[in-house]
Amino acid sequence: MSNVLVMGSGGREHAVCHTLKKSKRVDKLFCVPGNAGIAEIAETKKLSVFDFDGIYEYAKENNVDLIFVTPDDPLAKGAVDYFTERGIRAFGPKADAARLESSKAFSKDFMARHGIPTAKSVIFDSSEKATEYLDNARYPLVIKADGLALGKGVLICSDRSEAQSAIEQLMVSKAFGDAGDRILIEEFLSGREVTVMAFCDGKHISVMPSSQDHKRAYDGDKGLNTGGMGAFAPSPFFTEAKKSEFMEKIALPTVKGLIEDGIDYKGVIYFGLMMTDDGLKVIEYNSRLGDPETEAVLPLLESDIMDIIDACIDGKLDKIDIKWSDKTGFTVVIASGGYPSNVIKGYEISIGKLNDVVLFHAGTALKDGKLVTSGGRVFELSAVADDLDEARKLVYGQIDKIGFKDSRYRTDIGKV
Ligand code: AMP
Ligand code: GLY
């Protein structure tokens, strides 16, 4: 039996804790900092995910055997390196491997080196050079901050003046700080987006059911890009033929490329894919589980997650058989009124009786014994059902039982 500590505080972390709780091999579960929902199934402590020393002390005091590092920032800052060097097993890529997500310039270069299909792009360190490039560019085009920017450092520009202001925003006014010191100008890809997450042990890769996220804030894909407003799994468009293409052209070349470059990638690789007329292309890699995709995908896992984590860390993913349900996983984000721009927090929440669904907390906290909102995305309501229609009915039929001032959700998640 193991004591396990999860780092992070969102719905994704609640789904990870929920899955670990089902394991026969987990004794005590801890989460830092967690949220009010996670606190119902794990011991939580208010520590920053960047306070590696504090987390190490807390883990030691509680005889923690394994730390699951979930969010991108601590992975990029070397959380797995830090805990491993001090003798605690940690799940996730080390900092050099996490560069697949933490530097878009690095990941573009990686894909070019290893012949992995992606949008053509050019990298710029100076705003003058980037602006010059705009004169002969084709529109629309995509401008991206090189570094981590909470999923918001990507701007799709339909003409030169939008592109000019994107460069100014990222490189001159530094809307995302250092993340915009270097930018990428990229070819615009059109098609349907699909997510494939996979476990990787450094040598082998095991793919989870595909999923689709809905990134825009409002129904009909209107409004600003968000961290994601809902997801479902699997994607009906990610057919067996697409899966074979993905394995042959993207997943296996990625693992082979990592090995050739001397990068020992252990953890989850997230492939953000565009299904273009010209075949599958990688939009981005993430070095972690997606949010909210995880809240739709992990409920489909039938194997013990601890066996998978061990196999990843020990390089034995080829020795285990991972079982997934062939049902449909579905999740809808319930957000605060102004999300993703102006989020007002601290509203009291009421929850009615829910059946055959799981409510994952994202931005919730307890204040004077009362459950209150504490973030942009407040909950994800998830269900597993025989098909997408059934799953939608379960979630949308009960979503209004969760109430707080100005709450909002998309009504078209899973409409495909
Ligand atoms: P990223 O952070 O790279 O995943 O980008 C965020 C979102 O912007 C993606 O999920 C896509 O919807 C969109 N996007 C990024 N790159 C491109 C591209 N080259 N062409 C079209 N859409 C893109
Ligand atoms: N849902 C997209 C992400 O986690 O990056």
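Residues numbered from 1 in each chain as written. Chains lettered and ligands numbered in written order. Predicted model: local features only at pLDDT ≥ 70, side-chain atom pairs only at ≥ 80, totals over all residues. Heavy atoms only, no water.

Peer 1: Before we move on, could you go through the overall build of the protein and cite the residues and values that matter?
Peer 2: Counting its regular elements, the protein contains twelve helices and 24 strands. Rg of the C-alpha trace for the protein: 21 Å, near the compact-globule value of 22 Å for 416 residues, within the 12% margin. Across its three principal axes, the protein shows a C-alpha extent of roughly 60 × 45 × 45 Å. Here the protein holds 416 residues, and the buried ones make up 57% of them. Sequence separation of at least 24 residues holds for 67% of the intrachain contacts in the protein that already meet a minimum separation of 6. As displayed, the protein has an accessible area near 17,800 Å², and 47% of this comes from carbon and sulfur atoms. For the protein, the separation between the mean place of its 53 positive charges and that of its 64 negative charges on side chains is 1 Å. (Helix = DSSP H or I, 4+ residues; strand = E, 2+ residues; numbered from the N terminus. Rg over C-alpha atoms; globule rule 2.2 N^0.38 Å. Buried < 20%, exposed > 50% of the residue type's maximum accessible area, 1.4 Å probe, protein only. Contact = heavy atoms within 4.5 Å. Areas by Shrake-Rupley, 256 points an atom, 1.4 Å probe, with all protein chains shown as cover. Lys, Arg positive; Asp, Glu negative; His and termini not counted. Charge placed at Lys NZ, Arg CZ, Asp CG, Glu CD.)

Peer 1: Quick one: what's the story with the site of ligand 1, residue by residue and with numbers?
Peer 2: Among the 15 residues in the neighbourhood of ligand 1, the closest are listed as Glu186, Leu189, Glu193, Lys215 and Glu284. Leu189 places a main-chain nitrogen or oxygen 2.8 Å from a nitrogen atom of ligand 1. Here Glu193 contributes a side-chain N or O atom positioned 2.4 Å from an oxygen atom of ligand 1. Contact with the protein chains covers 93% of the free accessible surface of ligand 1, which is 470 Å². Those elements giving two or more residues to the shell around ligand 1 turn out to be β7 (141–145), β8 (154–157), β9 (183–187) and β17 (279–286). In terms of residue class, the shell around ligand 1 is made up of eight nonpolar, no polar and seven charged. (Near = heavy atom within 4 Å. Polar contact = N/O pair within 3.5 Å; in protein donor to acceptor, adjacent residues only side chain to side chain. Nonpolar A, V, L, I, M, F, W, Y, C, P; charged D, E, K, R; others polar.)

Peer 1: So, the sheet that holds strand β2 (residues 26–33): which residues are in play, and what are the values?
Peer 2: The strand order β3-β2-β1-β4-β5 describes an open sheet built from five strands, whose pairing is parallel. Edge positions in the sheet fall to β3 (43–44) and β5 (89–91), since each has one partner strand and no second. Where helix α2 (residues 52–61) meets the sheet, it contacts β1 (2–8), β2, β3 and β4 (66–69), and its direction lies at approximately 160 degrees from that of β1. Each of β1, β2, β4 and β5 touches helix α11 (residues 305–314); the most contacted strand, β5, lies at about 105 degrees to it. (Pairing = 2+ DSSP bridges. Axes fitted to C-alpha atoms, helices over the stretch in contact; angles between N-to-C directions.)

Peer 1: I'd like to hear about the sheet that holds strand β23 (residues 377–385), residue by residue, with values.
Peer 2: Pairing in this open sheet of five strands is antiparallel, and the strands run β12-β15-β18-β23-β20 from one edge to the other. This sheet does not close on itself; its edge strands, each paired only once, are β12 (212–213) and β20 (358–361). Sheet topology note: the strand β15 (residues 230–233)/strand β18 (residues 328–335) ladder contains four bridges and is antiparallel. In the sheet register, Gly230 faces β18, and the bridge partner there is Val332.

Peer 1: Tell me about the site of ligand 2, and name the residues and values.
Peer 2: Around ligand 2 lies a shell formed by Asp213, Lys215, Gly227, Tyr270, Asn286, Arg288, Gly290, Asp291, Pro292 and Glu293. One of the side-chain N or O atoms of Glu293 is found 2.8 Å from a nitrogen atom in ligand 2. Within the complex, the protein chains bury 89% of what would otherwise be the 200 Å² of accessible surface of ligand 2. Partitioned by chemical class, the residues of the shell around ligand 2 number two nonpolar, three polar and five charged.

Peer 1: Can you explain unusual backbone geometry? Please cite residues and give values.
Peer 2: A cis geometry characterises the amide bond from Val32 onward to Pro33, with omega recorded as -10 degrees. Following Asp291, the chain continues into Pro292 via a peptide bond in cis, with omega recorded as 20 degrees. With respect to the element layout, Pro292 can be found in the loop between β17 and α10 (293–297). If you check the backbone angles, Asn63 has positive phi at about 50 degrees while not being a glycine. Structurally, Asn63 is set in the loop between α2 and β4.

Peer 1: Tell me about the packing of helix α5 (residues 95–102) against helix α6 (residues 104–113), and name the residues and values.
Peer 2: Look at α5 against α6: their axes get within 6 Å of each other, and the N-to-C directions meet at 95 degrees. On the basis of their axis angle, the class for α5 and α6 is roughly perpendicular. Here Arg99, Leu100, Glu101 and Ser102 of α5 lie close against α6, whose contacting residues are Lys104, Phe106, Ser107 and Phe110. Per-class residue counts for the contact of α5 with α6 are three nonpolar, two polar and three charged. (Parallel < 35°, antiparallel > 145°, perpendicular 65-115°, else oblique.)

Peer 1: Residues and numbers for the pairing of β18, please.
Peer 2: For β18, a buried count of eight out of eight residues is recorded, marking the element as mostly surrounded by other parts of the structure. By the alternation rule, side chains of β18 split into Thr328, Phe330, Val332 and Ile334 and Gly329, Thr331, Val333 and Ala335, which are all buried. The pairing of β18 with β23 spans eight bridges and is classified as antiparallel. Within β23, the position partnered with Phe330 by the bridge is Ala383.

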